[in-house]
Amino acid sequence: MRISPYKFILLFLIVVSQSYSLHAQNTMIETFSDFGKGIIFADGVTTLNDPGYTYDKIDDLNIEILYDTFLSFTDNPKEGINNEMLLQIGRRWTKFFSPLLHACDSALQSGGRQIGFRSKVLSKANPVFINDCYYTDLTSGELSFVCRFATEDFEYTEIPPCIEWKTGTETKTICGYKCFKATGRFRGRTYEVWYAEDIPTSVGPWKLRGLPGAILFAEDTDRLCRFEATSVSFDQGVIEKPKYPYFNISRKQYRTMLGQYFKTPGRFCSMHMSRAPGIVITPPAKETPLRGVVLLEKQ
């Protein structure tokens, strides 16, 4: 069966809206996704799913920091994309990811109760931030980056270079914590950050770390990207990594793929639907490039 990307999204939203219109009835909807077979009841409460994937526990959760993030458009630095990102901190591992992506995966796994998140994710189709997840091994310094394009998941690993931070005595309060200012350069961009020594763990958003306290605010000096903590909580739980069938790539290959996606999104997505059996997206003969965003790493 062939379906255009636009009809595919429209059909998906129709199914979602119909499931809500049947809220008062116990109507059963059978669904199939790349995460397995599921039964969704329209009351949004009762669900039954065959597990499509599982998680590995990689650490115990101790601290969570929620950041408001911003990445500017290449054609107008004053405009850009915003998304909330969550930093989970354990004894050995950190995980930096979009809670919205996690909610989408949960919806696909648990069915009707969270099905509305799917359409919300579709409305934020930009792959930067929302489809990205960073796992950092605090012992070795190795970072594992995973991302999703269409229905395929990719991963690369690296040990990012250490940032030579210049610290100062200037202070300000963020989320109730006294923070100190530091400046450092990382892969072509200079960052001004504020870190809290009262959270004595050398962590931060994205790939920024290496200070004697958690980074609660970071912004490059060109004001093109920003990470601002909005809450800090000490929670007990687990840090997990899903067992997706990842395709191993390099950081350079990811940057190339991201450029291809923004240039021809329909054609690119049609090439990465390997886990959607029976559906082939036919890209339009002509398509308009997506509005580009700056790359966090210039080098």
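Residues numbered from 1 in each chain as written. Predicted model: local features only at pLDDT ≥ 70, side-chain atom pairs only at ≥ 80, totals over all residues. Heavy atoms only, no water.

**Regarding the overall build of the protein chain**
Alright, step 1. When its secondary structure is counted, the protein chain shows five helices and 17 strands.
Alright, step 2. The buried share of the protein chain, taken over its 299 residues, is 48%.
Alright, step 3. Taking all contacts inside the protein chain whose residues are at least 6 apart in sequence as the whole, residues at least 24 apart take part in 59%.
Alright, step 4. A total accessible area of about 15,000 Å² is found for the protein chain, and carbon and sulfur atoms account for 54% of it. (Helix = DSSP H or I, 4+ residues; strand = E, 2+ residues; numbered from the N terminus. Buried < 20%, exposed > 50% of the residue type's maximum accessible area, 1.4 Å probe, protein only. Contact = heavy atoms within 4.5 Å. Areas by Shrake-Rupley, 256 points an atom, 1.4 Å probe, with all protein chains shown as cover.)

**Side note on the pattern of salt bridges**
Alright, step 1. Counted by the stated rule, this structure contains 17 salt bridges.
Alright, step 2. Residues Arg-92 and Asp-137 are paired through a salt bridge, measuring 2.8 Å at the closest nitrogen-oxygen approach. A residue pair is termed long-range when its members are at least 10 positions apart, and Arg-92 in the loop between strand E6 (80-90) and strand E7 (93-97) and Asp-137 in strand E8 (residues 132-137) qualify at 45 residues.
Alright, step 3. Note on Asp-137: relative accessible area 4%, which makes it buried.
Alright, step 4. Of the charged contacts, one joins Glu-158 and Lys-207 as a salt bridge, the two residues approaching to 2.6 Å between their closest N and O atoms. Within this pair, whereas Glu-158 is found in strand E10 (residues 152-158), its partner Lys-207 is found in the loop between strand E13 (189-196) and strand E14 (214-220), the two being separated by 49 residues in sequence.
Alright, step 5. Since its relative accessible area comes to 12%, Glu-158 is described here as buried.
Alright, step 6. The exposure class assigned to Lys-207 is buried, which follows from its relative accessible area of 5%. (Salt bridge = Lys/Arg side-chain N within 4 Å of Asp/Glu carboxyl O.)

**Side note on the confidence of the model for the protein chain**
Alright, step 1. Mean pLDDT over the protein chain: 77, with 69% of residues reaching 70 or higher.
Alright, step 2. Every residue in residues 1-52 scores below 50 in pLDDT, and together they form 95 contacts with partners more than four places removed in sequence or on other chains.
Alright, step 3. Confidence drops under pLDDT 50 across residues 109-119; counting only partners more than four residues distant or on other chains, this segment forms 34 contacts. (pLDDT = per-residue confidence, 0-100.)

**Re the packing of aromatic side chains**
Alright, step 1. Counted by the stated rule, this structure contains 19 aromatic pairs.
Alright, step 2. The interplanar angle of 50° and the centroid separation of 4.9 Å between the aromatic rings of Tyr-134 and Phe-145 together place this pair among those described as tilted. Of this pair, Tyr-134 sits in strand E8 while Phe-145 sits in strand E9 (residues 143-149), and the two are 11 residues apart along the sequence.
Alright, step 3. Owing to a relative accessible area of 1%, Phe-145 belongs among the buried residues under this scheme. (Phe/Tyr/Trp six-rings, centres within 6.5 Å; stacked < 30°, edge-to-face > 60°.)

**Notes on the sheet that holds E6**
Pairing between sheet strands relies on hydrogen bonds along the backbone, with the strands arranged either parallel or antiparallel.
Alright, step 1. What the 12 strands build is an open sheet, ordered E11-E12-E13-E14-E15-E5-E6-E7-E8-E9-E10-E16; its pairing is mixed. If you trace the sheet from one side to the other, it starts and ends with strand E11 (166-174) and strand E16 (247-248), each paired once.
Alright, step 2. With six bridges connecting them, E13 and E14 associate as antiparallel partners. When the sheet's bridge partners are listed, Trp-194 is paired in E14 with Phe-217.
Alright, step 3. Most of the contacts of helix H4 (residues 251-263) go to E9, to which it runs at about 25°, and overall it touches E8, E9 and E10. (Pairing = 2+ DSSP bridges. Axes fitted to C-alpha atoms, helices over the stretch in contact; angles between N-to-C directions.)

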